[in-house]
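A closer look at the structure
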Amino acid sequence: MICVNPWRRYRFRLDEHHGPFEPERPQLMQDARAAMPFWSQPAGEVIAGLGASLHGLGSQEAAARLRQVGPNVVADTAEMTPARLLLRQFESPLVLILIFGAGVSLVLREWVDASIILAIVLGSALLGFYQEFRASQAVAALKRRLALTARVLRDGGEAVVPVGTLVPGDVVLLSAGNLVPADALILEAKDFLVSEASLTGESFPVEKQPGVLPADAPIGRRTNAVFLGSSVRSGTARAVVVATGQRTAFGAIAARIAARAPETEFARGVRHFGAMLVRVMILIVLFVLTVNQMLGRPVADSLLFAVALAVGLSPELLPAIVSVTLSAGARHLAKGGVIVRRLEAIENLGSMDVLCTDKTGTLTEGAIVLDGTVDADGQASTEVRGLAFLNAALETGIANPLDAAIVAMGEREKLSADGVRKIDEIPYDFIRRRLTIVIEDRDDPAFHRIISKGAFANVLESCRAVRREGAERVLDDDTRQALEAFFRRKSEDGFRVLAVAERRVKAKPGYGHADENGLVFAGFLLFLDPPKPEAAATIRDLAAFGIAIKVVSGDNRYVTAHVARTVGLDPGSVLTGEDLAAMKDEALWHVAPLTDLFVEIDPQQKERIVRALQRTGHAVGFMGDGINDAPALHAADVGISVDTAVDVARESADVILLRRDLDVLRQGVEDGRRTFANTLKYIGMTTSANFGNMISMALATPLLPFLPLLPKQILLNNFLSDLPSIAISTDRVDREHVVRPQRWNVAEVRRFMVVFGLVSSMFDLLTFALLLLVFRAGEATFQTAWFLVSVLTELAVVLVLRTALPAYRSRPSRLLLWSTLAVAAATLAAPFLGPASAVFDFVPLSPVELAAAIAVVCGYIAATEAAKRWFYKGRTAAGSRPSTSSVPPPLARG
């Protein structure tokens, strides 16, 4: 893809669509080589063409450009305007069937029937729109809390601004962990590695540096530029933005392919459920239509009846119910400190049965303090303290709590880096596992001092000597073993141990990885991060929820085992990164579920651990906040991060915690399971009741000289019975139903629908027998009485089948209870409302007929309770407690 100079292209489009620039603004790019892509031009020409400078833009200039080029966003396919959301309510096949039925009525001049159908369509659409709009607004508000920011140069100084406000000409400052916020040309770079897998498919990071490249260089070889959608793995850089939003390379790709996110298990379950309903619907409708024609009934009446049956079987408010329930769950989670970036992740959070996490900040306090600085002999050392402070205070790469602890110690000790001239920096990376600073020697400017700090083993391997008793000694095997023994001893005591080394060299212009060799080992840094007092109890609580904790840490085995022992994990269940690397995948599949501690793990191994656990049937959550956690976060069934995480980790996660606390996550899991349970309650209750009614009508059709219900009565039945379900998101979930992970099980949904649907049909047939054989009811009386029984039994289902417990032992929410009772009262009153009832062809029932209908409903409730006890038989604990699934067992599987 060849991109011409973007600012000139913007100018052309802005002049055409957004009006001209202000008269006083300079004419940009008048003499630039407009046909040449920016990576093939010198940086000076690109900056001049953008009307910018090395010091960035002024705030007013940036604001003016933002008004003209628009926000720096790639179109979000999930974004839904109110108008589009309203139109979407009419895209459902169920609604289209209703509209078709209304059209048939209009053709036949059945004005009342057509009006009723259209009113129900409009009522359902407006109800769905209102609920989904509220849900989308809530989700949008949560997303705004997680908006990304970027460091830029504005008004001559560094500022932090929302990524969406970046414009061409902005100078951005990038460092490890950042997502690249726009397409930009590199101005300065130091050990700057960028992952471009999302653009090129190449898994290895690419080193970026200033320069000029051929115009036809493919995107993977444009090493002087960075592109939106990539992420910084290490180092630092300064770059000038040349393209934003849709004009970026990533925006162009997204516009062409409009790729969808992978289907979640929840969405897959809804799809399979819908396919099952369609198959059942087709069979019933074809049967009824055929029988009606064989009996010589009018084609129009038969067609409308078949249409009403199809709609009556289907839960047309399902999209609204799902959106309302999930968004209500998301709002509740947010109040508890858990922000859901994708609503479907709520189901994944509830189904999680393994949580992989680092120990820092989750099992430990996360408030790391530097407890001591000692020399190679284990004695307190101010020299080691000073070296560590200079290294931490002068580094500009990845912000981390260890450096923060060192700097805090220095401030307490009145240490200062003032007057120290920094020459160079070799940033930290996850292979070398050390950070090196080069400073000018204060005593002799002709020499420089290299100060390296990092993981003990990685620093030690770069050393040729050790400083002991003020003198340099050869680092022989005995000394090496003594240092390793000290490291192990302190690690077993719970300290996180880093090493510091230095070297004095002749001054030179620049430094690289090769200069880290031949160092002199100076001493140790001893950090403390004590376990949280509540960590052990939280782990026990998670275990009670069926969630196993697995620690995945880059720390050494000794300190990790110490923390594990303190919080109640098995310190002997350990797998090291070295052992893991030697394993084949098949062996890891067997070992991973049995291992509690994965230690000394390389970043690339985290994703492999997640996939091994998934391969053995586990739903895996991964909690991380670092650059190297992004692949594992993406691979996990539910990626969990914190709001202080680096950009790439936060954007890879499905769930964001506002506090890095396992107890917050435990509450999130419980809320997730409760939300999932309430969503599936609606599906199970509604489909079983509707299925029973449709079977009853299909059986009654060939036996009756008239239709058992008129089409408009079927539609009203379906609408009224769905109304209380809007409150299902507020319903209580029995405690027993949230203590085991759950997933979709369409086969169980089908079984539930058939069993309880047939119970409903039995009482429908009993109603038919009473009406025809006892009361000798005519067409209007029969239809009115059965309408009452049908609606009231569906409402009863809401209160009875919402729990696996006996209904009297599980209280519904007030809103669900009172809305159900209100609709029941309105249904009982419907035949007696005079002109209003006449619209639906209802007639008043005698007291005896009304009492018989209520008696049938009471018998149905008792029979459903008995059937429920039978259905859950064998799924209970100790023979008395219901299944501990997160929802009534027919809707989910453990």
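Thresholds applied
Residues numbered from 1 in each chain as written. Predicted model: local features only at pLDDT ≥ 70, side-chain atom pairs only at ≥ 80, totals over all residues. Heavy atoms only, no water. Core = buried A, V, L, I, M, F, W, Y, C linked by side-chain atoms within 4.5 Å. Buried < 20%, exposed > 50% of the residue type's maximum accessible area, 1.4 Å probe, protein only. Helix = DSSP H or I, 4+ residues; strand = E, 2+ residues; numbered from the N terminus. Contact = heavy atoms within 4.5 Å. 1 Å grid on protein atoms, 1.4 Å probe; cavity = no way out; pocket = protein on both sides within 12 Å on 5 of 7 lines; lining within 4 Å. Points joined across faces, edges and corners; volume = space filled by probe spheres on them. Nonpolar A, V, L, I, M, F, W, Y, C, P; charged D, E, K, R; others polar. Axes fitted to C-alpha atoms, helices over the stretch in contact; angles between N-to-C directions. Parallel < 35°, antiparallel > 145°, perpendicular 65-115°, else oblique. Left-handed = near helix turned anticlockwise from the far one by under 90°. Phe/Tyr/Trp six-rings, centres within 6.5 Å; stacked < 30°, edge-to-face > 60°.

**Remarks on the nonpolar core**
One finds Ile 284, Met 697, Trp 744, Phe 756, Phe 782, Phe 787 and Leu 801 to be the most contacted residues of the largest nonpolar core, which totals 69 residues. At the level of elements, helix 9 (265–294), helix 24 (662–700), helix 25 (711–722), helix 26 (746–774), helix 27 (779–800), helix 28 (814–829) and helix 30 (847–871) are the ones that each hand at least two residues to this core. It is helix 27 that provides the largest number of residues to this core, a total of 13 residues. In contact with Phe 787, not counting residues within four places along its chain, are Leu 709, Gln 713, Leu 716, Asn 717, Leu 720, Thr 827 and Phe 842.

**Description of empty space enclosed by the protein**
By the definition in use, this model includes 7 cavities of 30 Å³ or more. Space inside the largest cavity adds up to approximately 80 Å³. In terms of lining residues, the largest cavity is bounded by 13 residues, among which Lys 359, Gly 494, Arg 496, Leu 528 and Asp 529 are the most central. Among the residues making up the lining of the largest cavity, the classes are represented as 6 nonpolar, 3 polar and 4 charged.

**Digging into unusual backbone geometry**
The backbone of Arg 776 sits at a positive phi, close to 50°, despite the residue not being glycine. Note that Arg 776 resides in the loop between helix 26 and helix 27. For Arg 776, a relative accessible area of 65% gives the class exposed. Of note in this structure, Asp 841 is not a glycine but carries a positive phi near 60°. In this fold, Asp 841 is placed in the loop between helix 29 (835–839) and helix 30. For Asp 841, a relative accessible area of 34% translates into the label partly exposed.

**A look at the environment of Phe 719**
Tracing the backbone through its elements, the reader meets Phe 719 in helix 25. Along the primary structure Phe 719 and Gly 123 are separated by 596 residues, whereas in three dimensions their C-alpha atoms are 8.9 Å apart.

**Some words on the packing of helix 17 (residues 535–544) against helix 24**
Running from N to C, helix 17 and helix 24 cross one another at 20°; their axes reach a closest spacing of 9 Å. As the angle between them shows, helix 17 and helix 24 are arranged roughly parallel. Considering how the two elements wind past one another, helix 17 and helix 24 form a crossing that is left-handed. Contacts between helix 17 and helix 24 involve Thr 538, Asp 541 and Leu 542 from the former and Leu 662, Asp 663 and Arg 666 from the latter. Across the contact of helix 17 with helix 24, the residue classes break down as 2 nonpolar, 1 polar and 3 charged.

**Quick notes on the packing of aromatic side chains**
This model, assessed by the stated rule, comprises 17 aromatic pairs. When the ring of Phe 456 is compared with that of Phe 521, the centres are 6.2 Å apart and the planes differ by 85°; the resulting orientation is edge-to-face. With Phe 456 in helix 15 (residues 456–460) and Phe 521 in strand 17 (residues 519–528), the pair connects residues that are 65 residues apart, well separated along the chain. In this pair, the class of Phe 456 matches that of Phe 521, namely buried.

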